[in-house]
Each structure stands twice: as C-alpha cells, then as structure tokens.
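Tertiary structure, described
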Amino acid sequence: MDKSANIDQLIEQFKTLPGGLLPLLRAVKHAVGYIPDESVPQIAKGFNLSRAEVHGVISFYHDFNTSPGGQHCVQICRAEACQSMGSRQIEAHAKKSLGIEYGETTKDGKVTLQPVYCLGNCACSPSIRINDDIHARVSAASFDQLMSELCSPVTNDVGAKK
Amino acid sequence: MSMTFFIPQDTTALALGSDSVALTITSELKERGLEGEIIRNGSRGMFWLEPLLEVEIDGSRLGFGPVKPSDVPGILESLNSHDKNTKPGNHPLFLGKVDQIDYLARQQRLTFSRAGVGDPLCIENYQRLSGFVGLTHAIKLKSQEIVDQIKDSGLRGRGGAAFPAGIKWQTVLDTAGEQKYIVCNADEGDSGTFADRLLMEADPYQLIEGMAIAGLAVGANQGYIYLRSEYPVAHKILNQAIERATEAGFLGENICSSGNDFFLEVRLGAGAYICGEETSLLESLEGKRGMVRAKPPLPAIEGLFGKPTVVNNVLTLGAVATILEQGSKTYKDFGMGRSRGTLAVQLAGNVKRGGVIELAFGVTLREVVEGFGCGTYSGRPIRAIQMGGPLGAFLPESQWDTPLDYESFAAIKAMIGHGGIVVFDDTVDMAAQARFAMEFCAVESCGKCTPCRIGATRGVEVIDRIVQNQDRDNNLILLTDLCDTMELGSLCAMGGMTPFPVRSALTYFTEDFGGESPREN
Ligand SMILES: Cc1cc2nc3c(=O)[nH]c(=O)nc-3n(C[C@H](O)[C@H](O)[C@H](O)COP(=O)(O)O)c2cc1C
Ligand code: SF4
Ligand code: FES
C-alpha cells in the first residue's frame, strides 16, 4: 500500500471540513497505525498551514503517536477511582509481566502499553482498555488471562473474533 | 409464555461480560426449544448489579444480577418451573421487580428516567416514554420563550462551573449573527464520572433533543458533540442515533416541519483532559492545539470559529429536554437553595454499590455514600472521599454531612463539579494522592501559564522531599507558596484548582506526609 497516496486521499476528504485537522489525523492513524513524520509536509500543504503548526497539533494530543505501535494497544487507567481499587498494583504488574514501560512495545510486536486517565467505568474499577474493548474489575490474574488470549492464535486470526 | 430478555450494552455491562451472557441466552433458548426475544438495553446505572438480566413476563420486569454465563441455565429453569421451590423467587440472583429495587426506587429520576428501559436506539420506544415531547413544545414557542423557560427552571450547568444555563443562552440569543453553534461538552474527563456516558449510551435521543431545543432557542442550525476518544461505545451509539433521528426528521433540514434546520455531528477528542475546558474544547474543535483562551471574549459571543456559541455539558442539555417536556416549575420544585433540579451523583472507586444515583440537590454526601453505596468494596472503613473530579478536595469524615448543593460545597473549599464521588478506604496513602494531583496537572496542563506548567512539576518534587523528610519545614512552606501561586496565577481551573486536593490532603491527612506525627510533637 502506498502510504502517501492514501494520506493524500484522506487530505482531500477532510480539508474542506470545518476544523478538519483532528478528524484527518484520526483517519491517518486509523489507516496507517500512526502519524508518520513524512506526512507532516503533505498535511501542512493540504490544510494551508505551516509544518510547525501541524506538528504542534500532533504533539499536543496523547492519541497521536508518531511511530508504529504494536498489534494491540493496552491502556491501563491511572485515574483516582481506579487507584482506590488497586490500579497501581495492576500497573506495576503489567509493566513487569510484559517487560515494558508506558509508551513501549513488547519485543514480539504484539502489545503497546499506554496510560489512560479514566474510561468511564469507575464504579467497577480497576479498568483497562484493549483496543476498543474495556474490561472491569481487573486483577493481576485476569490481566494475565487477557494477555494470553490476545497472544493466542485464535484472536490473531485477522480479528475473526468480533 | 412469551418472555423478553433485556441485557445491557453500555460500557460497564460490556466490560463485565454482558455480551457473553447474551450469547449464552440465545444458545440456551435454542437448545431448549424456547421462544424469547433478546433486547440489548442501556444500563439502569446500578453498575454493582451488572450484568443485570431483566426478564419481562406478563408486563413486569424481573431482575437477576450480577449474572455470569454459567448462571443462565439455572435462571431459565427457574423461569419455566412450576414447582414452588424452584420458582424464580428462589434463585440466588433474583432481585425482584427491577423498578422496586431499593437503589432505584429511592432515586428521583428525571434525566435518567428512561435509562435502561429499552433499546437506546429505538425511536418508538423513546417516544412512548415521552421522548421528543419537549421538542414539540419548543417548536410552538418563540426563541425568547424557550430561553425564559430555561431561566425560570433555575438550571445551572452540570459540567462543573454551575453557571446558569438560561443566562448563557440569553447572551447567545442576543448576539447578532448569521451562524451560531450549539456545542455539547461530552469530554467527561473527571475520574469517578460516567453519567454523561450513561446518558449517551442509554438514552442518546435525549441529548439530541436537548441540543435541537437549544438550537431553536438561540437560532443555531449546527451542533457538535465533542466526545472523548476514551468512549468507543458511546461513539458508536451516538452516530447511529444521529443517523436515525435524521431519517425520522428530528435532525437535519426543516426539523419536525418547523421550518428550522438543525444538523448534528460527533467529533472525537484525542486524549487531552484540558479539552474539557470549554475554550480549549473550541480550539480543539477548530482543529488546533487545545490551548485555553483568555476570557473575554465569552464563547457565547465569540465561540466556535469566532461565532456565538452555546457550550453546555451533556447533562445540562439532557435536563433541557425534561424542562421543555414537564415545565420549568416542575423542574424547579426539586432541589435546595440556588441548586435547582436533580443532580446525577456518580458513586465510584472503592464502594460496594457504585452507580448513577439521580437525586434532588440537598441530600448529604454521607446519605449517598452510606445509604446507597453501603460502604467500601474492600469492606474496610472509608477514610477519604474525593468529590468533583481530580480538581476537587479530599474530604475527611467531619465533612461528609455537607448537603450536595453548590454553595454548601464552596463554603468548605470543595466542589460538586460534575457530581463524581470517589471513595477511598483506610489503605489510601494521601501523600501519594496529593502527589498524583500535581503529576496529573503536569501531564495535562495546556502549557499556557507558568504557574500551572512549571508549578505542577515543582509540586511533585516538593511533595517527594516532604515525604522523605528533607528540609521538611521549608518544603512545607514552599508547597503552600506554590499552591498560592498556582491558585492566583493560573488562567483556568486546571492550575487554579489543583491545589484543592493537595491542600486538603495535607490539612486533613497530615500524618501521611512523613516526618513526625503531629500528635507526638
Ligand atoms: C480543566 C477543566 C476541565 C473541564 N472538563 C469538563 C468536562 O469534561 N465536561 C464538561 O462538561 N465540562 C468541563 N469543564 C467545564 C467547562 O469549561 C464548561 O464550564 C462547561 O462545559 C459549560 O457547560 P455547562 O454550563 O453546561 O456546565 C472543565 C473545566 C475545566 C477548567
Ligand atoms: S491553568 Fe494550566 S491548563 Fe489552564 S490555561 Fe493555564 S496552563 Fe493551561
Ligand atoms: S478512573 Fe479508571 S475508569 Fe474512571
């Protein structure tokens, strides 16, 4: 797939939308998995902005990563309600068992770990999000279970499950 | 006997496995050759009972919960049993008639009256439960008359700042302009809050209706819902609801043949807490960095793309639909002092029975936490309560008898904010919580003002030194000075109120900050 041609198409689609830069960046992330540095000049041109402005927007938002992540994005809620239910321990356990820090990807390329501040599931904390699925009342044991399901061949079957 | 099964599909029910419960019911019914319809409803907001399975038999709704897939066969057997001893009432998960469950029956539900009753996307169901009545009323009124209704109701913004909604609308109505906007703040970033999410997932048409009414009131034909990206389920439901409402003529051109247009679109945030602040939100909607704007100009006068704009929280706009349906007087009759109507309290954290509890203003914090929450999930004593999100104070037991009313909370240097209550048991380390408040501010600051951007980072360091007992007295003075500087020198409440949790932790839970315990002095 030609990344830049694809991005050009998206730029065409979003450049006339009022306030279209954020929707565009989301669409790029969706299509490519991240916002490639090389796309900044392209986007700047399409939106009639300076490269610095586009870069400024990308760097402001936590959602817009500029390098590829793993196959699955795992987010651990770090906010207060989850803390009250032991999320600090889940966080420590996740980092240790995956062998990575926040923002890093496991060596096999399967999992990128990210912090998140509230998933709106605070009555049944601690919460984590795996891709678009949120999980409640997570424990170290259920975390391990979820990770092994992620890495098992069944779920890797090109998203066949769901 | 025909049976209808209701299994919620809101974020929390899904996070607790409601999909697999639904799948199991389908397969078990088939296996037994039984007939039964399955409806994926929204949640009632009694999250401690999720997944809550409701079964409608002969017009009444019986509840079972929390249900695991392995419970399904037993429940089905009890439903079909003719033996007195194995009837549903004897099933260990049986909860009785759902609307008689104490937790629900004791609430005063206006905004959440429909939540969980049916399929959130079914327009007929929404209308059967008085949906779009408010909009129909509004269409017959002049703009000024709609604004007057909102003013008379006493409705104040539910996003945190509690500004009177009618006054904001009046400003937008009075400002001349061809193009005006209605922006719904659905960024719901505070930890411990999920009522916006529940409304959007369980009763999305109510928000749509409230926004359309706002459009009629101020003369705006375009609305945006700025939704946080952490809410994928709400995103899906809102988009479907907008599509269906447009097809049914409640959105789009010439809504309800009124001669007025109202277009609505959802825009996703990108993981920045500060974008919940209304001017930062507007910058973000314009496709820029979410830098907070100085006020004036007010967004009501120069808002989105420089045009007059109403920015309101999800629940404020939801209440608008109720007010136009039932009248401002009815709404105003709930509440105390200058806090009118109902508050959607969200009970979260280390609590046995967490959920959305809608009550008239005036009930005390203790009544909610003890009466509804029934203590902590861990079974240990409650030590601290944080009310109003990450910028809200930590309250020690001596303050739990404060009534939920904006002014009463302001009087104790605390806030109701968006109504989130986070409960902590006695294992909490309050110095760690104070440190987190500063850390969160450092991570989420938009960076415009120095006291917030630099102060928060310094705050983390100073708290670390206090806890490690390094030059304790001077560092305590430094922390207080830092809090003063942040409160006085910050443009918005991010920097301006982060000192609230910090100071309250230090004042009421001093013993957690290392050093000699004060009692030993
Ligand atoms: C740091 C910060 C975060 C905020 N986050 C939210 C939010 O997530 N949702 C919200 O409705 N209001 C939030 N607000 C309040 C908004 O600025 C604004 O007051 C509100 O959207 C106005 O709507 P209302 O009058 O209906 O409450 C926040 C304010 C600040 C200072
Ligand atoms: S207080 Fe903080 S978040 Fe608010 S405007 Fe200043 S720097 Fe930005
Ligand atoms: S604080 Fe973790 S889900 Fe809200």
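Since the model is a prediction, treat every value here as computed from it, not as a measurement.

1. A short note on the packing of helix α18 (residues 450-467) of chain B against helix α19 (residues 472-489) of chain B
All names here are of chain B.
- Taken N-terminus to C-terminus, the directions of α18 and α19 make an angle of 160°; their axes are 10 Å apart at the nearest point. Compared by their axis directions, α18 and α19 come out roughly antiparallel. Regarding α18 and α19, the two cross each other, and that crossing is left-handed. Within the contact between the two elements, α18 uses Pro451, Gly455, Ala456, Arg458, Gly459, Val462, Ile463, Arg465 and Ile466 and α19 uses Arg472, Asn475, Leu476, Leu478, Leu479, Leu482, Thr485, Met486 and Gly489.

2. Digging into the domain arrangement of chain B
Residue and element names in this part refer to chain B.
- With domains assigned, chain B is organised as domain 1 (4-101), domain 2 (123-332), domain 3 (335-425) and domain 4 (430-513).
- Taking only C-alpha atoms into account, the centre of domain 2 sits 35 Å from that of domain 4.
- With 10 residues of domain 2 at the interface, the matching set in domain 4 holds eight residues.
- When domain 2 packs against domain 4, close to 730 Å² is buried across both sides, 75% of that on carbon and sulfur atoms.
- On the domain 2 side of the interface with domain 4, the three residues burying the most area are Tyr273, Ile274 and Val292, jointly 62% of the side's total.
- Run the count over domain 2 and domain 4 and you get zero salt bridges.
- Between the two partners, domain 2 and domain 4, sit two residue pairs in polar contact (both at pLDDT 80 or more).
- Tallied by class, residues from the side of domain 2 that touches domain 4 come to six nonpolar, two polar and two charged.

3. Some words on the interface of chain B and chain A
- Contact with chain B, which involves 57 residues of that partner, is made by 39 residues of chain A.
- Between chain B and chain A lies a buried interface of about 3,800 Å² when both sides are counted; carbon and sulfur atoms form 57% of it.
- Three residues, Ala270, Arg289 and Phe436 of chain B, lead the burial of chain B against chain A; their summed loss comes to 15% of the area buried on that side.
- Taken together, the links from chain B to chain A amount to one salt bridge.
- Viewed at the interface, chain A and chain B are joined by 25 residue pairs in polar contact (both at pLDDT 80 or more).
- For the side of chain B that touches chain A, the secondary-structure elements that each account for two or more residues are α1 (11-15), β8 (263-268), α12 (278-285), β12 (342-349), β16 (420-425) and α17 (430-444) of chain B.
- Of the residues forming the side of chain B that touches chain A, the biggest block, seven residues, is contributed by α17 of chain B.
- Its residues assigned to classes, the side of chain B that touches chain A comprises 27 nonpolar, 18 polar and 12 charged.

The rules behind the values
- Residues numbered from 1 in each chain as written.
- Chains lettered and ligands numbered in written order.
- Predicted model: local features only at pLDDT ≥ 70, side-chain atom pairs only at ≥ 80, totals over all residues.
- Heavy atoms only, no water.
- Axes fitted to C-alpha atoms, helices over the stretch in contact; angles between N-to-C directions.
- Helix = DSSP H or I, 4+ residues; strand = E, 2+ residues; numbered from the N terminus.
- Parallel < 35°, antiparallel > 145°, perpendicular 65-115°, else oblique.
- Left-handed = near helix turned anticlockwise from the far one by under 90°.
- Contact = heavy atoms within 4.5 Å.
- Domains from an automatic or database assignment.
- Buried area = accessible area lost by both parts, 1.4 Å probe.
- Salt bridge = Lys/Arg side-chain N within 4 Å of Asp/Glu carboxyl O.
- Polar contact = N/O pair within 3.5 Å; in protein donor to acceptor, adjacent residues only side chain to side chain.
- Nonpolar A, V, L, I, M, F, W, Y, C, P; charged D, E, K, R; others polar.

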